[in-house]
Amino acid sequence: MELSPGRAGSGILTGVVAFVDVWSSNRTENYSKMFSQQLLNLGAKVSKTLSKQVTHVIFKDGSQSTWDKAVKNKVKLASVLWVEKCRETTKHVEESLYPAINTNNGLPELTKKKRKCMQPKDFVEKTPENDKRLAKKFDKMCKHLDDQKASIGELPRYLTLVFFL
């Protein structure tokens, strides 16, 4: 398990080991790092994996597998509002007052896993300068053309003999 060290903060969440799975409502933007930093500032430890040492899962529009594993391991599931309320009141607020809500329930499995933005990536045209395979083909074609030029240079002598006959 990889834990991030806490910063010199208030320490109100000392003893909390949290896993953060926070996404935007359209599930394209990951906000987990921002909430992880807030937890660190409050004295909690943040785990990069959902392991047995995790005591809390901060969840908003995260993956169904995270939710299922947290329920199975009987880990406290809290919303991002819990983190905010702890920061605001500078006290360890009861997690049950700010329960996480799973909006994935009832959704087909295919829609749960989509996280990529649908905007096209920047198109980079392949050229011999940025593609080794294309550069080899280009060099081979240039060599072939040079060979053809050399053989064409010899043709006019033969052609002139044929035309005169």
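Residues numbered from 1 in each chain as written. Predicted model: local features only at pLDDT ≥ 70, side-chain atom pairs only at ≥ 80, totals over all residues. Heavy atoms only, no water.

## Things to note about the overall build of the protein chain
Alright, step 1. Along the backbone of the protein chain there are five helices and five strands.
Alright, step 2. From first element to last, N terminus to C terminus, the protein chain shows the α and β order β-β-α-β-β-α-β-α-α-α.
Alright, step 3. Relative to its 165 residues, the protein chain shows a buried fraction of 32%.
Alright, step 4. Of all intrachain contacts in the protein chain linking residues separated by at least 6 positions in sequence, the fraction that spans at least 24 positions is 62%.
Alright, step 5. Carbon and sulfur atoms make up 59% of the accessible area of the protein chain, which amounts to about 12,300 Å² in all. (Helix = DSSP H or I, 4+ residues; strand = E, 2+ residues; numbered from the N terminus. Buried < 20%, exposed > 50% of the residue type's maximum accessible area, 1.4 Å probe, protein only. Contact = heavy atoms within 4.5 Å. Areas by Shrake-Rupley, 256 points an atom, 1.4 Å probe, with all protein chains shown as cover.)

## Thoughts on the pairing of strand 4 (residues 56–60)
Sheet faces and side chains relate simply in a regular strand, where the side chains alternate between the two faces.
Alright, step 1. By the criterion of burial, strand 4 is predominantly enclosed, with four of the five residues buried.
Alright, step 2. Here five bridges tie strand 2 (residues 17–22) to strand 4, and the two strands are oriented parallel to one another. Pairing of Val20 across the sheet is with Ile58, part of strand 4.
Alright, step 3. Inspection of the sheet shows strand 4 paired to strand 5 (residues 76–78) by three bridges, in the parallel sense. Opposite Ile58, over in strand 5, you have Ala78 as the bridge partner.
Alright, step 4. Handedness of the β-α-β unit built from strand 4, helix 2 (residues 64–72) and strand 5 comes out right-handed. (Pairing = 2+ DSSP bridges. Right-handed = clockwise from strand over helix to strand, strands pointing away.)

## Some remarks on the confidence of the model for the protein chain
Alright, step 1. Here the protein chain averages 80 in pLDDT, while 73% of its residues score no lower than 70.
Alright, step 2. Here residues 1–8 scores under 50 on pLDDT; set against residues more than four positions off or in separate chains, the count is 20 contacts. (pLDDT = per-residue confidence, 0-100.)

## Looking at the pattern of salt bridges
Alright, step 1. The full count for this structure, using the stated rule, is five salt bridges.
Alright, step 2. Between Asp61 and Arg27 there is a salt bridge, and its shortest N-O distance comes to 3.8 Å. Remark: Arg27 occurs in the loop between strand 2 and helix 1 (32–41) and Asp61 occurs in the loop between strand 4 and helix 2; sequence separation between them is 34 residues. No difference in accessibility class separates Asp61 from Arg27, as the two residues are buried.
Alright, step 3. Among the salt bridges present, the one from Glu88 reaches Lys85, with a minimum N-O distance of 3.5 Å. In this pair, Glu88 and Lys85 are both assigned in helix 3 (residues 80–89), three residues apart and thus about one turn of the helix distant. (Salt bridge = Lys/Arg side-chain N within 4 Å of Asp/Glu carboxyl O.)

## Considering the packing of helix 1 against helix 3
Alright, step 1. Viewed as axis vectors pointing N to C, helix 1 and helix 3 meet at an angle of 35 degrees, and their least axial separation amounts to 10 Å. Between helix 1 and helix 3 lies a crossing of left-handed hand. Contact residues: helix 1 offers Phe35, Gln38 and Leu39, while helix 3 offers Val80, Trp82, Val83 and Glu84.
Alright, step 2. When grouped by side-chain class, the residues that make up the contact of helix 1 with helix 3 number five nonpolar, one polar and one charged. (Axes fitted to C-alpha atoms, helices over the stretch in contact; angles between N-to-C directions. Left-handed = near helix turned anticlockwise from the far one by under 90°. Nonpolar A, V, L, I, M, F, W, Y, C, P; charged D, E, K, R; others polar.)

## Regarding the side chain of Ser36
Alright, step 1. Checked against the element boundaries, Ser36 lands in helix 1.
Alright, step 2. Judged by its relative accessible area of 14%, Ser36 is buried.
Alright, step 3. Polar contacts involving the side chain of Ser36 include one to the main-chain carbonyl oxygen of Ser32, which spans 2.8 Å.
Alright, step 4. Those residues within four positions of Ser36 in sequence are excluded, and the remaining contacts are Val20 and Val46. (Polar contact = N/O pair within 3.5 Å; in protein donor to acceptor, adjacent residues only side chain to side chain.)

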